[in-house]
Amino acid sequence: MIYLRTALLLLWASLSLQAKDYPASFFGIYSDGATLNTRSIQYAIDYIHSNGGGRLVFYVGRYLTGSIHLKSNVTLHLEEGAVLMGSLNPFDYDRHVWTALVFGENQQNIAITGKGVIDGQGRQLARNVVNVIQKGLVKDLFRYDRPEAEARAVIIYFKGCQRVKIQTVTLRNAASWVQIYDQCRNVQLAGITVDSKAYWNNDGIDIVDSDSVSVTDSYIDSADDGICLKSHDASQVCQNIYVRNCTIRSSANAIKFGTASYGGFRNIKMVQNKVYDTYRSAIALEAVDGGFVENVLIDSLQAINTGNAIFLRIGERVKGKKGRLENVRLTNIRVEVPATKPDAGYEYEGPIEDMPRNVSPSSIVGMPDALVKDVTLKNVEIIYAGGGSSMVANVPLTALDKVPEKPTAYPDFSMFGELPAWGFYIRHAQNIRFDNVKLTCLKKDYRPAVVLDDVKQANLTPMLITDPDRKKPAVYSAHSTGLTLPGR
């Protein structure tokens, strides 16, 4: 099966090389940045599609457009210096579940390539969406003082497509999520740049219920989650996802999946990635809507200046539908967690957390009747700023039940408020293995390094804990059985 799939992809690449090129100007598409080219670009796409496929080539210039719909066997190729610009008029966009600049729905062999730019002009567009809502021309819930995410144009929305390639382009300034691949199959994102800090909900890459997706050699700088996996459909699974050699910055989480987790996630491999200046977690894996997370490997990750290292969570946001999270391996990881806000100074910062609160530890948290299972951390080093003070906030080790369960809350590392450990907080978990884990606290912190509460079968050796305050216990456990813990 693997060889057959490879052969098909090579055949597709060969056919793409042979496909005919059509210059945009051939169809009366203007590069002056002022002429609205929507109808001309759509005519060109339809023409190329009906004539056996090929590339619509945009040369140096600025091409203004509203929503366009990519068709099978058609590539949009943006030469260096070409900018495809989203219109600032909200009524120039179509809405098919999502509002988007470039749609692809149930198509095959589609691509966007080249060293050019697609600029959604999201900040100005979002401002104009607000304006038409306030005039009563468009109805919207307008929650949190902003239009719903689906009402603001994403740059790319592909649904039900097969054999998709996005290569070397820059995607800039969406008014909502940047790009969505929903129930797609065989998707390649290679060497792309995402630069989107224009407005709220600027997720860099959203992979939704898709199969066989690779994201390689790419740079993502986003005002919301960087690379985000979601499962919107309880009957679907997001699976066989490969992420390699990417650099991620986010005013939310760098690598995240699960805030929409109705179906599931399986067979996820992420290797040799870097994270920096990220407000929330470097890694956040969440099963909170009844779906599952299983068979995940994250290897060779380096993260500096991130608000949290690792967050694993099971929840029950839909009553009676508990998530499942198991068989996760986190290996060869190094993270530095500062005392200050990691994304301070960026245009769209993450929200200021409720204070007072000490720096949060990494956490693995299930539910009393839904345990996180079979998690291994090997060759993991996390360096914390330390400085936690009992005068700021305090959860005594004799009162761990003060940490709330919050099964229905939005999942995030800070959701529980103050936590009683500076390094790792593990609750409602089974079969947890630490192998060569190093936890370093740079300043004295009143809390122990690790707290385990309702944990069954955990082996935390070998583990090296460096803590300036050696008078308190390094590891504290309660209501737990089958533990192998390190000495001082």
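Everything here concerns the structure above.
Here is a short report on the structure shown in this document.

Reading the values: the criteria
Residues numbered from 1 in each chain as written. Predicted model: local features only at pLDDT ≥ 70, side-chain atom pairs only at ≥ 80, totals over all residues. Heavy atoms only, no water. Helix = DSSP H or I, 4+ residues; strand = E, 2+ residues; numbered from the N terminus. Expected span 1.5 Å × (residues − 1). Buried < 20%, exposed > 50% of the residue type's maximum accessible area, 1.4 Å probe, protein only. Arc of directions from axis to C-beta. Core = buried A, V, L, I, M, F, W, Y, C linked by side-chain atoms within 4.5 Å. Contact = heavy atoms within 4.5 Å. Phe/Tyr/Trp six-rings, centres within 6.5 Å; stacked < 30°, edge-to-face > 60°. Lys NZ or Arg CZ within 6 Å of the ring centre and 35° of its normal. Salt bridge = Lys/Arg side-chain N within 4 Å of Asp/Glu carboxyl O. Patch = residues over 30% accessible without salt bridge, like charges linked within 9 Å, V, L, I, M, F, W, Y side chains within 5 Å. Areas by Shrake-Rupley, 256 points an atom, 1.4 Å probe, with all protein chains shown as cover. Pairing = 2+ DSSP bridges.

1. As for helix 2 (residues 38–50)
For an α-helix the count is 3.6 residues per turn, leaving residues at separations of three or four pointing the same way.
Line of reasoning, step 1. Look at helix 2: 18 Å from first C-alpha to last across 13 residues, which is about the 18 Å you get at 1.5 Å a residue.
Line of reasoning, step 2. Considered for burial, the residues of helix 2 that qualify are Thr-38, Ile-41, Gln-42, Ala-44, Ile-45 and Ile-48. Take helix 2 and look down its axis: the buried residues cluster within an arc of 155°, on one side only. Exposed residues pointing more than 90 degrees away from the buried face of helix 2 are listed as Arg-39, Tyr-43 and Ser-50.
Line of reasoning, step 3. Remark: Gly-52 follows helix 2 within two positions and exhibits a positive phi of approximately 95°.

2. Considerations on the nonpolar core
Line of reasoning, step 1. Leu-56, Phe-58 and Phe-158 are the most contacted members of the largest nonpolar core, which totals 116 residues.
Line of reasoning, step 2. Here this core gets nine residues from one element, more than from any other, and that element is strand 26 (residues 292–314).
Line of reasoning, step 3. Aside from chain neighbours lying at most four places away, what touches Phe-58 is Ala-24, Ile-29, Ile-41, Tyr-63, Leu-76, His-77, Leu-78, Glu-79, Ala-82 and Leu-84.

3. Thoughts on the environment of Val-164
Line of reasoning, step 1. Turning to its location among the elements, Val-164 is positioned in strand 13 (residues 162–167).
Line of reasoning, step 2. On a C-alpha basis, the gap between Val-164 and Lys-472 in space is 55 Å, while along the polypeptide they are 308 residues apart.

4. Digging into the packing of aromatic side chains
Line of reasoning, step 1. Under the criterion given, the structure shown has 15 aromatic pairs.
Line of reasoning, step 2. Between Phe-103 and Tyr-157, the aromatic rings sit 6.2 Å apart at their centres with planes inclined by 80°, giving edge-to-face as the arrangement. Placement of Phe-103 in strand 9 (residues 98–105) and of Tyr-157 in strand 12 (residues 154–159) is noted, with a sequence separation of 54 residues between them. Each member of the pair Phe-103 and Tyr-157 is classed as buried.
Line of reasoning, step 3. Ring pairs connect the aromatic residues Tyr-22, Phe-26, Phe-27, Tyr-43 and Tyr-47, which therefore count as one cluster.
Line of reasoning, step 4. Note that Arg-249 overlies the ring of Tyr-346, its terminal NZ or CZ placed 3.7 Å from the centroid.

5. Some words on the pattern of salt bridges
Close approach of charged atoms allows side chains of opposite charge to pair.
Line of reasoning, step 1. Applying the stated criterion across every chain yields a total of 28 salt bridges.
Line of reasoning, step 2. Between Asp-369 and Lys-322 there is a salt bridge, with its nearest N and O atoms 3.4 Å apart. Of this pair, Asp-369 sits in the loop between strand 28 (362–365) and strand 29 (372–386) while Lys-322 sits in the loop between strand 26 and strand 27 (324–337), and the two are 47 residues apart along the sequence.
Line of reasoning, step 3. Ionic pairing is found between Asp-445 and Arg-447, a salt bridge with its closest N-O pair at 2.9 Å.
Line of reasoning, step 4. Exposure remark for Asp-445: the relative accessible area of 2% places this residue in the buried category.
Line of reasoning, step 5. For Arg-447, a relative accessible area of 2% puts it in the buried group.
Line of reasoning, step 6. It is possible to trace a salt-bridge network through shared partners that takes in Asp-195, Lys-197, Asp-221 and Arg-249.

6. Quick look at a nonpolar patch on the surface
Line of reasoning, step 1. Judged by side-chain polarity, Phe-91, Leu-137 and Val-138 come together as a nonpolar surface patch covering roughly 280 Å² of accessible area.
Line of reasoning, step 2. Within the fold, Leu-137 resides in the loop between helix 3 (122–134) and strand 12.

7. Focus on helix 3
Line of reasoning, step 1. The terminal C-alpha atoms of helix 3 lie 18 Å apart, and with 13 residues this matches the ideal 18 Å at 1.5 Å per residue to within 8%.
Line of reasoning, step 2. Of the residues making up helix 3, those classed as buried are Gly-122, Leu-125, Ala-126, Asn-128, Val-129, Val-130, Val-132 and Ile-133.
Line of reasoning, step 3. Gly-136 lies just past helix 3 and shows a positive phi near 85°.

8. Thoughts on the pairing of strand 12
Line of reasoning, step 1. Among the six residues that make up strand 12, five are buried, leaving the element largely enclosed by the rest of the structure.
Line of reasoning, step 2. Taken together, the four bridges between strand 12 and strand 15 (residues 179–182) define a ladder with parallel strand orientation. What sits directly across from Tyr-157, in strand 15, is Ile-180.

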